[in-house]
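Breakdown of the fold
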Amino acid sequence: MYTGTAASHGIVLGRAIVKLEETVTALRQKIEPQHVIDEINRLKDNLKATHHQLETIKQQAMVNMGEEEGRIFEAHQLFLQDPEFIGEIEAKITNELLNAESAVADVKDLFVAMFEGMDNEYMRERAADLRDVSGRLLRNLLGIKDTASIDSDEPIIIVAYDLTPSDTAQLDKEKVKGFVTDIGGRTSHSAIMARTMGIPAVVGLGDMTKHTQDGDFLIVDGTTGEVHINPEAALIVQYEKKMQADALLKEEWMKLVHETSVTADGHRVELAANIGKPEDAVDADKQGAEAIGLFRTEFLYMGREKLPDEEEQFEAYKAVAQTMDKDRAIVIRTLDIGGDKELPYLNLPKEMNPFLGYRAIRLCLDRQDIFKTQLRAILRASSYGNIKIMYPMIASLRELRQANQILADVKQELREEKVPFNEEIEVGMMIEVPAAAITADQLAKEADFFSIGTNDLIQYTMAADRMNPDVSYLYDPFNPAVLRLIQYVIEAAHREGKWAGMCGEMAGEEAAVPLLLGLGLDEFSMSASSILRVRRLLKHLHHSELKDAAAHALTLESGDAIQAYIKETILDKI
Ligand code: PEP
Ligand code: MG
């Protein structure tokens, strides 16, 4: 058994697919000069084997799908004979003494970058072909079973060193029913995406990719963080029983789907969902979301070759507005790129500290072309629903004012063009940077609302990377420093008559909910899959008692003491 960080609730049993590129990186090796010939021969054998496989696939495709589809594989075969491509790989093995896998991966990256940089649609498409055929060659070199041989009805579990947000966004929801990664923590974007998709995930497992083969049978328990590879039958039966119990519990929660979110003594809060794609709103609705508290729009920009234009964005925002009907709020966060969310086609320079760098509102204030296009699209969609705008990563009043000035300009443009939008649209900001939290009293005068982004606020307050398991002992939502900031932000908002919400992962954590209620939080925005669990919890809580409990909790000296206090005095009594 392997144990990592439980990142997304639930259990899944299925077949592993090991993500290739990461495996190659993990197995990157130098060879001895006397082994160069052997390595080149191994490469040649695998080139031949790959060519053969493609021949079979080509014939099948021609019969089943047609001449043109078959030709695609012919193009793949040509790469395997291309003297320039093969020559480069052999040169890498010979000159850099790299194993064949790493040499293929490096040369593929080089050629793909070259093709993608060309001003020619045809050549850019060749980049995708090259990726595909190189993947097949790498699988052969690594002795990994072809994924096509995995029974397509079985749930698939992705095993990867890490999954980038754009990888995660592109996972096929129909097939991929869980994932496990070597690195990452509860608030890595891959973990957040798993919760959005409602699939179990375990992250930070160390070296799962080394121990897993394609086709291995896995049990992934996203509630406890346990993963089993090729388990005994008895264990499978045990887990199947657990899955049935989970399903019953979910059915129980489902009964609350149309209820309001209210404590036992009648205090009303809003339970909202965080989404990354317009389709997620449909699921959020099914899980009883009373609003969309965070639409992470950056996912619209990922997994593609260029920026989405105004029309495409408008359609996406409008679609969410239509799913949520006229009343329920939709907080659309403007582009939050940077940190672990990259957009390769922006060609941004690599940074030493990406989380402290050119990201989110900083990039948008600089690249006003990108920002204005998005603001236009959001404003236009605001005629269709209760849409609000939210800026990410604001660190100072100056930035808030600059963003608002650009918004005012865009509004003016639309007025002149006679394009309708909601003139009264609310404009809020995230509190993710300690500087913003500390100056919340000033910011609250000019922002219509706050949403506390604890995922980042914790990492910046504690100076502990949210992705790094080695410093996760510091990354603690219950740390008194973090809680004091949260308290200050909520009070500052209320003093100005504004509402304060939270869209960081903390908002959906069981032990945090009573504390945040006691601190006066108005809106809790979380992964859709957590909403009903929290709604059920609220029914057992007494708001009138929580204010004092929160005040006492904040006098305690550590996150552990605070959690233990909440557990013993509140949760255990439910
Ligand atoms: C946060 O930082 O808490 C947040 C919600 O933003 P993201 O997780 O997208 O950085
Ligand atoms: Mg953030």
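Anyway, here's the lowdown on the structure attached to this text. Because the structure is a prediction, the values reported are computed rather than measured.

With that out of the way, let us pick up the coordination of the magnesium ion (ligand 2). In the first shell of the magnesium ion (ligand 2), the protein supplies Glu432 (OE) and Asp456 (OD), at 1.9 to 2.0 Å from the metal. One end of the pair, Glu432, is in the loop between β13 (427–431) and α16 (434–438); the other, Asp456, is in helix α18 (residues 454–462), and 24 residues separate them in sequence.

Further remarks concern the sheet that holds strand β8 (residues 226–229). Spatially, the eight strands line up as an open sheet ordered β1-β8-β7-β3-β4-β5-β6-β2, and their pairing is mixed. Strand pairing shows two members of the sheet lacking a second neighbour, β1 (2–3) and β2 (5–8), which therefore form its edges. Two elements, strand β5 (residues 176–181) and strand β6 (residues 201–203), share two bridges in a ladder whose sense is parallel. The residue bridging Val180 from the neighbouring strand is Val202, located in β6. Lying over the sheet, helix α8 (residues 189–197) contacts β2, β5 and β6, oriented at roughly 45 degrees with respect to β2. Across the sheet, helix α10 (residues 233–254) is in contact with β3 (11–18), β7 (217–221) and β8; its angle to β3 comes to roughly 120 degrees.

The next point concerns the sheet that holds strand β11 (residues 329–333). Across a sheet, strands are paired by hydrogen bonds formed along the backbone, either parallel or antiparallel in direction. If you walk around this closed barrel you meet the eight strands as β9-β10-β11-β12-β13-β14-β15-β16, and the pairing is parallel. Between one strand and the next, the sheet's axes are offset by a mean angle of 30 degrees, whatever the strand orientation. Bridge count between strand β14 (residues 449–452) and strand β15 (residues 499–502): four bridges; the pairing is parallel. Considered in β15, the bridge of Ile452 is made with Met502.

Our next topic: the site of ligand 1. Surrounding ligand 1, one finds 16 residues, the nearest of these being Arg296, Arg333, Glu432, Gly453 and Asn455. A distance of 2.8 Å separates an oxygen atom of ligand 1 from a polar side-chain atom of Arg333. Asn455 is positioned such that a nitrogen or oxygen atom in its backbone is 2.8 Å from an oxygen atom of ligand 1. In the complex, 100% of the free accessible area of ligand 1, which totals 280 Å², lies under the protein chains. Among the elements of the structure, α8, β10 (291–296) and α18 are those that each provide at least two residues to the shell around ligand 1. No other element matches the three residues that α18 contributes to the shell around ligand 1. The residue inventory of the shell around ligand 1, partitioned by class, reads four nonpolar, five polar and seven charged.

What counts, and where the lines are drawn
- Residues numbered from 1 in each chain as written.
- Chains lettered and ligands numbered in written order.
- Predicted model: local features only at pLDDT ≥ 70, side-chain atom pairs only at ≥ 80, totals over all residues.
- Heavy atoms only, no water.
- Donors = N, O, S within 2.8 Å, 3.2 Å for Na, K, Ca; no water.
- Helix = DSSP H or I, 4+ residues; strand = E, 2+ residues; numbered from the N terminus.
- Pairing = 2+ DSSP bridges.
- Contact = heavy atoms within 4.5 Å.
- Axes fitted to C-alpha atoms, helices over the stretch in contact; angles between N-to-C directions.
- Near = heavy atom within 4 Å.
- Polar contact = N/O pair within 3.5 Å; in protein donor to acceptor, adjacent residues only side chain to side chain.
- Areas by Shrake-Rupley, 256 points an atom, 1.4 Å probe, with all protein chains shown as cover.
- Nonpolar A, V, L, I, M, F, W, Y, C, P; charged D, E, K, R; others polar.

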